[in-house]
Amino acid sequence: MLIIEAKGIKKSFSGSAILKGVDLKVRKGEIYTLFGPNGAGKTTLIRILATLSKPDSGELQLFGTSLKDDREYIRSRLGFVAHDKYLYNDLTAKENLDL
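In this text, all values refer to a predicted model and were calculated from it rather than measured experimentally.

Student: Tell me about the sheet that holds strand 2 (residues 16–27), and name the residues and values.
Tutor: The strand order 2-1-3-4 describes an open sheet built from 4 strands, whose pairing is antiparallel. Two strands lie at the open edges of the sheet, namely strand 2 and strand 4 (65–66), each paired on one side alone. With 9 bridges connecting them, strand 1 (residues 2–13) and strand 2 associate as antiparallel partners. Paired with E5 across the strands is K25, a residue of strand 2. Each of strand 1, strand 2 and strand 3 (57–62) is contacted by helix 1 (residues 42–49), which is oriented at about 55 degrees to strand 2, the strand it contacts most.

Student: Mind laying out the pattern of salt bridges, listing which residues take part and the relevant values?
Tutor: Per the counting criterion, the structure on display carries 3 salt bridges. E5 is the salt-bridge partner of K7, the closest N and O atoms lying 3.7 Å from each other. Its relative accessible area of 16% is what places E5 among the buried residues. A salt bridge links D98 to K94; the shortest N-O distance between them is 2.9 Å. Note that D98 and K94 are positioned in helix 3 (residues 93–98) at a spacing of 4 residues, about one turn of the helix. Looking at D98, the relative accessible area reads 56%, which means it is exposed.

Student: A description of the nonpolar core should follow, citing residues and the corresponding values.
Tutor: Ranked by internal contacts, the top residues of the largest apolar core, which has 14 residues, are I4, I9, L24, L49, L60 and L62. The set of elements that each furnish at least two residues to this core consists of strand 1, strand 2, helix 1 and strand 3. In this structure I9 touches L19, K20, G21, V22, I48, P55, S57, G58, E59 and L60, once residues within four positions along its chain are discounted.

Student: Talk me through the packing of aromatic side chains; I want residue IDs and the actual numbers.
Tutor: Under the counting rule described, the total for this entry stands at 0 aromatic pairs. Across the ring face of F63, the terminal group of R77 is positioned such that the distance to the ring centre comes to 4.2 Å.

Student: Pulling in residues and values, what's your account of the environment of I9?
Tutor: Mapped onto the fold, I9 is located in strand 1. Between the alpha carbons of I9 and K28 there is a distance of 21 Å; along the sequence they are 19 residues apart.

Student: Pulling in residues and values, what's your account of the side chain of K11?
Tutor: Turning to its location among the elements, K11 is positioned in strand 1. What makes K11 buried here is its relative accessible area of 10%. Polar contacts involving the side chain of K11 include one to the main-chain carbonyl oxygen of K54, which spans 2.7 Å.

What counts, and where the lines are drawn
- Residues numbered from 1 in each chain as written.
- Predicted model: local features only at pLDDT ≥ 70, side-chain atom pairs only at ≥ 80, totals over all residues.
- Heavy atoms only, no water.
- Pairing = 2+ DSSP bridges.
- Helix = DSSP H or I, 4+ residues; strand = E, 2+ residues; numbered from the N terminus.
- Contact = heavy atoms within 4.5 Å.
- Axes fitted to C-alpha atoms, helices over the stretch in contact; angles between N-to-C directions.
- Salt bridge = Lys/Arg side-chain N within 4 Å of Asp/Glu carboxyl O.
- Buried < 20%, exposed > 50% of the residue type's maximum accessible area, 1.4 Å probe, protein only.
- Core = buried A, V, L, I, M, F, W, Y, C linked by side-chain atoms within 4.5 Å.
- Phe/Tyr/Trp six-rings, centres within 6.5 Å; stacked < 30°, edge-to-face > 60°.
- Lys NZ or Arg CZ within 6 Å of the ring centre and 35° of its normal.
- Polar contact = N/O pair within 3.5 Å; in protein donor to acceptor, adjacent residues only side chain to side chain.

What follows is the structure, encoded as structure tokens:
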């Protein structure tokens, strides 16, 4: 089963092409790592895969569902683990998890 299928993902900022047609297939159980220098587009691609940003063009399916068809379903299945804790000290542990 394909978890991620990206075809021709493009993204530009201020006229500068950041992603120039990214194709990516990730199957259930596979692990991928993105490597590259600063400005290579790693964060931009992750933001698109996390549905936080829209590509300028291309097709994206997550969990077999097109981003265009059911963005909320896709978002309900996503998780993110960062290298730094992003917790709000004024919230309880449960409130941080809910957020």
